Amino acid sequence: LGFGISQFLINFAAWCWIIFKYKIKFFIFRLAEIFKLLKDSFFTFLNEFLILMFTTVNILIVKNFLSAEELGLYVATMKVVIIIQNLVIQSVSKSLYPNLALAFNKNRTAYKHKLEKFRNLLGLVLITLALVIIFGKELIVQLLFGSDFSKVSSLLVYVSFLPFFIGMTNIYGWQGLYVMNRERTMSFISLFVGILSVSSLLLLIESVGVKGVLIIRSLSELMILTIAYFFFEKIWKSEQKNASRVG
């Protein structure tokens, strides 16, 4: 409730500031323009949909194959990750994207410098939070969930670096591949790793339990990060080589 109210107030204040400062005028879109926007943004939508779908499927698999207690432990553990993701990664992502997209279109060298700068800053924050989770897991669980969920503290270790993986994926995915108009590539990465992750869960969940589910979740995000980084570097070097030839 507190997070929702704060987000509403911040967004409302931001909209008021934007409208009055930049004299924003509202107008009605034509239907053809709306369909064109949907068509142009299809792979962006697909990637976001796949992430939500596979996250939900993970919960359903845990629900169907493990006990109600293990489901509660899984959801509580992932709640800590979601809090960090919403408060840190999503907030930074929304402000970074227009900034980096503008830099990419104006000066590619400046864009790469900014990307690396923000990557280092975000990475440092998320690694620090990972260490806080590892060494303060008991206190975190006590403050968020109470003594009834004490078992969550031992599970937090398995996802302590998950926000870091998600944050770096955001850097090389949203701020990298998306900015370079490679949404299709990012959506196929999410689809490939998502299918692999769900398949692994269905095959192994009864033998690995809730700890294994959390490990598979972290490894899946690490795999997305690795592949996104590989394609970002490959596309970036290709574009730089083509630019030097044209020059």
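Our subject in this report is the structure included herewith. (Residues numbered from 1 in each chain as written. Predicted model: local features only at pLDDT ≥ 70, side-chain atom pairs only at ≥ 80, totals over all residues. Heavy atoms only, no water.)

1. Quick notes on the pattern of salt bridges
Scanning the entire structure with this criterion turns up six salt bridges. The closest approach of N and O atoms between Asp-40 and Lys-36, which form a salt bridge, is 2.9 Å. Pair noted here: Asp-40 and Lys-36 are both in helix α2 (residues 31–40), with a separation of four residues, about one helical turn. On the basis of relative accessibility, which here comes to 52%, the residue Lys-36 falls in the exposed class. Salt-bridge contacts for Lys-151 lead to Glu-69; the nearest nitrogen and oxygen are separated by 2.8 Å. With Lys-151 in the loop between α6 (137–144) and α7 (152–155) and Glu-69 in helix α4 (residues 68–106), this residue pair connects regions lying 82 residues apart in the sequence. The exposure class assigned to Glu-69 is partly exposed, which follows from its relative accessible area of 46%. (Salt bridge = Lys/Arg side-chain N within 4 Å of Asp/Glu carboxyl O. Helix = DSSP H or I, 4+ residues; strand = E, 2+ residues; numbered from the N terminus. Buried < 20%, exposed > 50% of the residue type's maximum accessible area, 1.4 Å probe, protein only.)

2. Brief notes about the packing of aromatic side chains
Applying the stated rule across the entire model yields 15 aromatic pairs. Put simply, the rings of Phe-104, Tyr-111, Tyr-172, Tyr-229, Phe-232 and Trp-236 touch in pairs and so form one group of aromatic residues. The ring centre of Tyr-22 lies 5.7 Å from the NZ or CZ of Lys-21, which sits over that ring. If you follow Arg-108 out to its NZ or CZ, it ends over the ring of Phe-104, 3.8 Å from the centre. (Phe/Tyr/Trp six-rings, centres within 6.5 Å; stacked < 30°, edge-to-face > 60°. Lys NZ or Arg CZ within 6 Å of the ring centre and 35° of its normal.)

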